[in-house]
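So the chains spell out like this:
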Amino acid sequence: MHPIGWDSFGLPAENAAIKRGADPRAWTYENIAQQLASMRRYACSFDWDRILHTSDPEYYRWNQWIFNRMHERGLAYRKPSLVNWCPSCQTVLANEQVVDGLCERCDSVVTKKKLTQWYFKTTDYADRLLDDMAQLEGKWPGKVLTMQRNWIGRSNGADVVFAIEGRAEPVTVYTTRPDTLYGATFFVVAADSDLAAELASGADEATQAAFADYVEAVRRVSEIDRLATDRPKTGVFLNRYAVNPVNDEQIPIYAADYVLPDYGHGAIMAVPAHDQRDLDFAKVFGLPVQVVVDVRGEDGEPLPDPGVTFEATAGDGVLVNSGPLDGLRKAEAIARIIEILGGKGLGKAATNYRLRDWLISRQRYWGTPIPIVYCDTCGEVRVPDKALPVELPPAAGLDMQPKGTSPLGGASDWVRVECPQCGGPATRDTDTMDTFVDSSWYFLRYTSIGRDDVPFDVAEVEKWLPVDQYVGGVTHAILHLLYSRFVTKVLFDMGMVSFTEPFTRLLNQGMVIMNGSAMSKSRGNLVRLSDQLVEHGVDAVRLTLVFAGPPEDDIDWADVSASGSARFLARAWRLSGDVTSPVGVEVSGGDPALRAATHRTVHEVAGLIESFRFNVAVARVMELVNAVRKVIDNPRPDGTGGGGDPAVREATEAVAIMLSLFAPYTAEDMWSRLGLEPCVSLAGWPVVDEALLVTETVTCVVQVAGKVRDRIEVPAGIGADELRELALARPAVQKALGEKGIRTVVVRQPRLVNVVPA
RNA sequence: GCCCCCGUAGCCCAAUGGCAGAGGCAGGCGCCUUAAAAGCGCUCCAGUGCGGGUUCGAGUCCCGCCGGGGGUACCA
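Thresholds applied
Residues numbered from 1 in each chain as written. Chains lettered and ligands numbered in written order. Predicted model: local features only at pLDDT ≥ 70, side-chain atom pairs only at ≥ 80, totals over all residues. Heavy atoms only, no water. Helix = DSSP H or I, 4+ residues; strand = E, 2+ residues; numbered from the N terminus. Rg over C-alpha atoms; globule rule 2.2 N^0.38 Å. Buried < 20%, exposed > 50% of the residue type's maximum accessible area, 1.4 Å probe, protein only. Contact = heavy atoms within 4.5 Å. Areas by Shrake-Rupley, 256 points an atom, 1.4 Å probe, with all protein chains shown as cover. Lys, Arg positive; Asp, Glu negative; His and termini not counted. Charge placed at Lys NZ, Arg CZ, Asp CG, Glu CD. Pairing = 2+ DSSP bridges. Axes fitted to C-alpha atoms, helices over the stretch in contact; angles between N-to-C directions. Expected span 1.5 Å × (residues − 1). Polar contact = N/O pair within 3.5 Å; in protein donor to acceptor, adjacent residues only side chain to side chain. Phe/Tyr/Trp six-rings, centres within 6.5 Å; stacked < 30°, edge-to-face > 60°. Lys NZ or Arg CZ within 6 Å of the ring centre and 35° of its normal. Salt bridge = Lys/Arg side-chain N within 4 Å of Asp/Glu carboxyl O. Parallel < 35°, antiparallel > 145°, perpendicular 65-115°, else oblique. Left-handed = near helix turned anticlockwise from the far one by under 90°. Nonpolar A, V, L, I, M, F, W, Y, C, P; charged D, E, K, R; others polar. Near = heavy atom within 4 Å. Patch = residues over 30% accessible without salt bridge, like charges linked within 9 Å, V, L, I, M, F, W, Y side chains within 5 Å.

Enquirer: Just give me the short version of the overall build of chain A, but keep the residues and values in it.
Expert: Helix and strand counts for chain A come out as 25 helices and 32 strands. Computed over the C-alpha atoms, the radius of gyration of chain A is 35 Å, more than 25% above the 27 Å expected from 2.2 N^0.38 for a compact globule of 758 residues. Principal axes of the C-alpha set define a box for chain A whose edges measure 110 × 85 × 50 Å. Counting across all 758 residues of chain A, residues that qualify as buried make up 49%. In chain A, the share of contacts with a sequence separation of at least 24, taken over all contacts with a separation of at least 6, comes to 69%. Accessible surface for chain A amounts to roughly 35,400 Å². Of this, 51% is attributable to carbon and sulfur atoms. A distance of 3 Å separates the average location of the 78 positive side-chain charges in chain A from that of its 100 negative side-chain charges.

What follows is the structure, given as structure tokens:
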């Protein structure tokens, strides 16, 4: 199955439509029609009966259906949170869509906004998303696996409970280094957390004012600046104290922006001696540095005091100044302190993740409506499955300009509905779903195009999936691939699919670039493939793309030659006109060398194609074409060779079949000129005669001290002893050895002998 | 800063630890042609980024550099 579809909802389509004053729907489908025509020109062999567009109501109703299932399971929920906001797109973004502090789509600087939004609970699946990657090891690019692992960012440590002076409730912090608890000299809460605000409100007026100023300053810092690690540490003392649970020491509480509100508990114990960030902060505020781990350098000498050097010692070592932990190494100390704290109810082992829940609401028009209505009496109510799809209202009459709230809010007739539960007045959710929801399960839908009773036929999915070979750009290393893996696992838990990973093997294909950089309209370095097509033909362009290099590499169009490809195709094509033997001629009498070359090539090319080494496969076919040409042009007196040699027909037919994968038009024409029918694409792969793969004699290289001194033609099945004797008897070997004796002789029959002199 | 990948001929790229070159592009010479193009034939071109190590033998494995690309970076 080789289906094709359009992930046709989303911002690019909507923004382009707004720019042109067009209806996003009309604009999108016109573009799809153009792209489809273009794909057909390129002779893409998709299964044109399995097409889908994610912006079709027949498709997106099932997004809503999946949303409902998530909602039933508590995997879709709303919460107020500080979210990523793109001021240009005027919508929220998922964490994954913020790249270096910039909007993934438009490169605007992302800001923060407190909003109540819909989330999918990806964090519930963090462990499985991480651990199931074992199935993908060796089948996905290691790079992608590493990126996903880092993104999920699991860390092991402990929760530790600190009492707060003047506050009834203690505060829990997460740390990966509970062993350094005795070295905690201050306490930091995230400046933009509720906890910080509360702690500040209990302080004196001057502190409150200072805190308010600081929070305001933090808000103004853009996401880009906040991410700069070399930024000096800032913060404000809250004039409050926490109590270290192991020694009852009072430590001052600061609010700072280097602690994040939504990781761990939004508060930390600061151990400046053994954490560089804490040390940087301590330096700015003149806070004490207490060494509790004796960390040694490579030379075994103790590393210098961090309090002096301001270089934190973060490594392993023996605990000191730490009461019951003294003398233990890091790992032992961690286990021991967790035990001690656990006994007092003041701490326990804990795991944390960098991964956040998936924010799926978007304040935009061109997407899947969220199937929820809000009722004054019933609250948040799911639109029943039988009432799906909740179709998008027509764009006509709506204000499509991004303004921070969904354009759907303007469709008053659409917004006002009856509550599905009580029949009372209710309003629809006016946000639409992130388009990554659309693409997170589309591969399942391909098995069941046209079904209007289920999102997909479970039996068909069982038959076809998981996807054997997925191909996509590395740009989706985290986004699409993580979301698809998540949704697949949810569907697995629902009993709808029997596998936990959607894509068995993954290939990251490269891009076509020009003169070293990505092509772009603004740079004006666009290679117009349509022009190339007119100039050299579809087959030549296709062949150029596969021959240029390994598929995962970028292709610099400046480095390759479509005219060279065209020339090769013409050379191959001419062979078919030079074959004079009839269809079905008995090949056994043909030129044996050419026959061997043909079968060897067919055999090798098959393996190369299966391992995606198309560039090498093409080179092998070129080689064979050259060999056939030689035989055709050199008829021999004994009647072999020339266009009438049956081996020439056999080879040329094989060339046509092999080329049909890359250059279908040329191959079909060759096939027809060879008198064959109906067409090469139905011909099937040539059967390899194993007997022709074995060669009778091979060239054995004879080395003396690793240097090639001679070559011998030997039978392929020659024995080691016989070959050794043969090699040692060679005059060239004797000459190279001279007076020296022989230390040892390495024999790798039948191809190599290496004589090692004494 | 940390992690990963890659450095082979003028260029793109091949080479289960075993003859560094399969294929192509570009260049040169020749044949064909009235001429040119196309085609055909021949040919030039590197010792594999640098320095060590392992091995009978290293482009390939290991260590350290240099260069290029990518990922990631206050996640406690």
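Enquirer: Lay out the sheet that holds strand β29 (residues 697–704) in plain terms, naming residues and giving numbers.
Expert: On the basis of which strands lie adjacent, the open sheet formed by four strands has the order β30-β29-β32-β31 and mixed pairing. With partners counted over all chains shown, the strands left at the sheet margins are β30 (707–715) and β31 (742–748), one partner each. Pairs of neighbouring strands in the sheet enclose a mean axial angle of 15 degrees, with direction left out of account. The pairing of β29 with β30 spans eight bridges and is antiparallel. Bridge assignment links V698 to a residue of β30, and that residue is V714. Helix-sheet contacts for helix α24 (residues 720–728) involve β29, β30, β31 and β32 (752–757), and the interaxial angle to β31 is about 125 degrees.

Enquirer: Could you give an account of helix α2 (residues 24–41), naming the residues involved and the relevant values?
Expert: For an α-helix, the turn length of 3.6 residues means that residues three or four places apart are oriented alike. In this model α2 runs 26 Å from its N-terminal to its C-terminal C-alpha over 18 residues, within 8% of the 26 Å that 1.5 Å per residue would give. The N-cap residue of α2 is D23: its side-chain oxygen and the backbone nitrogen of R25 are 2.7 Å apart. Downstream of α2 by a residue or two, A43 has a phi angle that is positive, lying close to 60 degrees.

Enquirer: Could you give an account of the packing of aromatic side chains, naming the residues involved and the relevant values?
Expert: Two descriptors summarise a pair of aromatic rings, namely the distance from one centre to the other and the angle between the planes of the rings. Across all of its chains, the model carries 31 aromatic pairs by this definition. Between F67 and F120, the aromatic rings sit 6.1 Å apart at their centres with planes inclined by 45 degrees, giving tilted as the arrangement. Of this pair, F67 sits in helix α3 (residues 57–72) while F120 sits in strand β7 (residues 111–120), and the two are 53 residues apart along the sequence. By the burial criterion, F67 is buried, and F120 matches it. Ring centres of Y442 and F443 lie 5.6 Å apart, and the angle between their planes is 80 degrees; on these two criteria the pair is classed as edge-to-face. With relative accessibility at 4%, the residue F443 sits in the buried group. Three or more aromatic residues joined by ring pairs form one cluster here, namely F67, W118, F120, Y125, W358, F436, Y483 and F486. The ring of F310 carries K283 above its face, with NZ or CZ at 4.8 Å from the centroid. For the cation-ring pair, R428 lies above W414, with the distance from its terminal atom to the ring centre recorded as 5.2 Å.

Enquirer: Kindly report on the sheet that holds β7, identifying the contributing residues and their values.
Expert: Strand pairing in a sheet relies on backbone hydrogen bonds. The paired strands run either parallel or antiparallel. Strand order in the open sheet formed by four strands is β4-β3-β7-β17, and the pairing between neighbours is antiparallel. Of all strands in the sheet, those with a lone pairing partner are β4 (91–93) and β17 (358–359), marking the two edges. In this structure, strand β3 (residues 76–86) lies alongside β7, joined through ten bridges in antiparallel fashion. From the neighbouring strand, V83 faces β7, where its bridge partner is K113. The sheet strands contacting α3 are β3 and β7, and the helix crosses β7 at an angle near 90 degrees.

Enquirer: Quick one: what's the story with the side chain of S8, residue by residue and with numbers?
Expert: For S8, the location among the structural elements is in the loop between β1 (4–6) and α1 (11–20). Within polar-contact distance, the side chain of S8 engages the side chain of S55 at 2.6 Å. Beyond its immediate chain neighbours, meaning those up to four positions away, S8 contacts A13, T28, I32, H53, T54, S55 and W366.

Enquirer: So, the pattern of salt bridges: which residues are in play, and what are the values?
Expert: When the charged atoms of two side chains lie near each other, side chains of opposite charge can form a pair. Following the criterion strictly, the structure yields 34 salt bridges and no others. For K348, the salt bridge identified is with D159, shortest N-O distance 3.5 Å. With K348 in strand β16 (residues 347–352) and D159 in strand β8 (residues 155–164), the pair connects residues that are 189 residues apart, well separated along the chain. For D159, a relative accessible area of 10% translates into the label buried. D179 is the partner of R177 in a salt bridge, and the nearest nitrogen-oxygen pair spans 3.0 Å. Summarising the burial analysis for this pair, R177 and D179 share the class buried. Salt bridges here are not isolated pairs; linked through shared partners, they connect D132, R485, K489 and E501.

Enquirer: Can you explain the packing of helix α19 (residues 562–578) against helix α23 (residues 664–673)? Please cite residues and give values.
Expert: At their nearest, the axes of α19 and α23 sit 8 Å apart, and the two run at 15 degrees to each other. By the angle between their directions, the pair α19 and α23 is classed as roughly parallel. α19 and α23 meet at a crossing whose hand is right-handed. Of the residues in α23, those in contact with L569, A572, W573, R574, S576 and G577 of α19 are T666, D669, M670 and R673. Residue composition of the contact of α19 with α23, grouped by class: four nonpolar, three polar and three charged.

Enquirer: If you had to explain the protein's contact with RNA strand B to someone new, which residues and values would you point to?
Expert: Close contacts around RNA strand B come from 45 residues, with Y263, R277, R567, R613 and R711 the closest. Within 4 Å of the protein, the atoms of RNA strand B are drawn from sugar and phosphate moieties in a proportion of 64%. Separating a sugar or linking oxygen of RNA strand B from a side-chain N or O atom of E623 is a distance of 2.5 Å. Top element by residues in the surface near RNA strand B is helix α21 (residues 614–633). It accounts for six residues. Each residue belonging to the surface near RNA strand B can be placed in one class, and the counts come to 19 nonpolar, ten polar and 16 charged.

Enquirer: Tell me what's going on with the side chain of T432, and back it up with residues and numbers.
Expert: Mapped onto the elements, T432 comes out in strand β23 (residues 432–433). At 2.8 Å, the side chain of T432 and the backbone oxygen of R364 are in polar contact.

Enquirer: Pulling in residues and values, what's your account of a positive patch on the surface?
Expert: On the surface, K707, R709, K735 and K740 cluster together into a patch of positive charge. Checked against the element boundaries, K735 lands in helix α25 (residues 731–737).

Enquirer: How would you sum up unusual backbone geometry? Please name residues and give values.
Expert: Following L388, the chain continues into P389 via a peptide bond in cis, with omega recorded as 0 degrees. Position of P389 relative to the elements: it lies in the loop between β20 (379–382) and α12 (412–415). Here the amide bond leading from L465 into P466 is cis, since omega sits at 5 degrees, within 30 degrees of zero. Its location among the elements puts P466 in the loop between α15 (458–464) and β24 (467–472). If you check the backbone angles, N239 has positive phi at about 60 degrees while not being a glycine. Mapped onto the elements of the fold, N239 is located in strand β11 (residues 235–243).

Enquirer: Lay out the packing of helix α20 (residues 592–610) against α21 in plain terms, naming residues and giving numbers.
Expert: Geometry of a packed helix pair, given as the angle between the helix axes and the separation of the axes. Interhelical geometry of α20 versus α21 gives an angle of 170 degrees and a closest axis separation of 9 Å. The orientation of α20 relative to α21 falls into the category roughly antiparallel. In the packing of α20 onto α21, the handedness of the crossing is left-handed. Side by side, α20 and α21 meet where L594, A597, T598, T601, E604, V605, L608 and I609 of the first sit next to F614, V616, A617, R620, V621, L624, A627, V628 and V631 of the second. Taken together, the residues that form the contact of α20 with α21 break down as 13 nonpolar, two polar and two charged.

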